[in-house]
Amino acid sequence: MPALMEKFRQERLSIAEEVAELGKQTQAFLSDAKAKRQQQAEEQAVFLSQFHQKLQQENRVFLTATNKQRLAQAKKQAIFLRQCHRRLQQENRLFLTATNKERLAQAKQQKQDLRQFRQELSIYIFGK
């Protein structure tokens, strides 16, 4: 029986040693995993920070270029609109001048036609 007790004691010690070893291995694994995750997190943070800075820079460049392009387009459009306005004003003046001359000519013609009609009517009525 003492031999059996000794055997149990040795098995218990052996199991305890194995459990202790497994505990150490588990702790080493968890420690390594934590260190790797920490390093990955730091690398990812650096990458994201650089990506964010690059994106901001690209946005500034894009927005600056877009703003310059829009300003150039606005200037061209303003010039075009001024030219259209001037052309329309000139065409309007020419049209109004021509219309005024035409109306004056029509009025003169109507005046002359009325004078002639009166004369003819007077001659018809009064015989003179």
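The present account deals with the structure reproduced in this document.

On to the overall build of the chain, then. Each helix and strand in the chain was counted, giving one helix and zero strands. A globule of 128 residues ought to have a C-alpha radius of gyration of about 14 Å, yet the chain, at 53 Å, is considerably larger. When its C-alpha atoms are laid out on the principal axes, the chain stretches across 175 × 30 × 5 Å. Residues counted as buried form 2% of the 128 residues belonging to the chain. When the accessible surface of the chain is split by element, carbon and sulfur atoms take 58% of a total near 12,700 Å². If you average the places of the 24 positive and of the 13 negative side-chain charges in the chain, the two averages end up 27 Å apart.

Moving on: the packing of aromatic side chains. Here the structure, examined in full by the defined rule, presents one aromatic pair. Centre to centre, the rings of Phe47 and Phe51 are 6.3 Å apart; their planes meet at 20°, and the pair counts as stacked. In this pair, Phe47 and Phe51 both sit in helix α1 (residues 2-126), four residues apart, roughly one turn of the helix.

Turning our eyes to something else, we now look at a nonpolar patch on the surface. Taken together, Phe117, Leu121, Tyr124, Ile125 and Phe126 make up a surface patch of nonpolar side chains, about 630 Å² in accessible area. Mapping Phe126 onto the fold places it in helix α1. Using a relative accessible area of 61% as the deciding quantity, one classes Phe126 as exposed.

On to the pattern of salt bridges. Per the counting criterion, the structure on display carries one salt bridge. Its salt-bridge partner being Glu91, residue Arg87 comes within 3.8 Å of it at the nearest N-O pair. Residue Arg87 and its partner Glu91 are both found in helix α1; the two are separated by four residues, about one turn of the helix.

Mapping Thr66 onto the fold places it in helix α1. From its side chain, Thr66 meets the backbone oxygen of Phe62 in a polar contact 2.7 Å long.

Attention shifts here to the side chain of Thr99. Along the polypeptide, Thr99 turns up in helix α1. Classification of Thr99 as buried rests on a relative accessible area of 19%. For Thr99, the side chain forms a polar contact with the main-chain oxygen of Phe95, separated by 2.7 Å.

The rules we used
- Residues numbered from 1 in each chain as written.
- Predicted model: local features only at pLDDT ≥ 70, side-chain atom pairs only at ≥ 80, totals over all residues.
- Heavy atoms only, no water.
- Helix = DSSP H or I, 4+ residues; strand = E, 2+ residues; numbered from the N terminus.
- Rg over C-alpha atoms; globule rule 2.2 N^0.38 Å.
- Buried < 20%, exposed > 50% of the residue type's maximum accessible area, 1.4 Å probe, protein only.
- Areas by Shrake-Rupley, 256 points an atom, 1.4 Å probe, with all protein chains shown as cover.
- Lys, Arg positive; Asp, Glu negative; His and termini not counted.
- Charge placed at Lys NZ, Arg CZ, Asp CG, Glu CD.
- Phe/Tyr/Trp six-rings, centres within 6.5 Å; stacked < 30°, edge-to-face > 60°.
- Patch = residues over 30% accessible without salt bridge, like charges linked within 9 Å, V, L, I, M, F, W, Y side chains within 5 Å.
- Salt bridge = Lys/Arg side-chain N within 4 Å of Asp/Glu carboxyl O.
- Polar contact = N/O pair within 3.5 Å; in protein donor to acceptor, adjacent residues only side chain to side chain.

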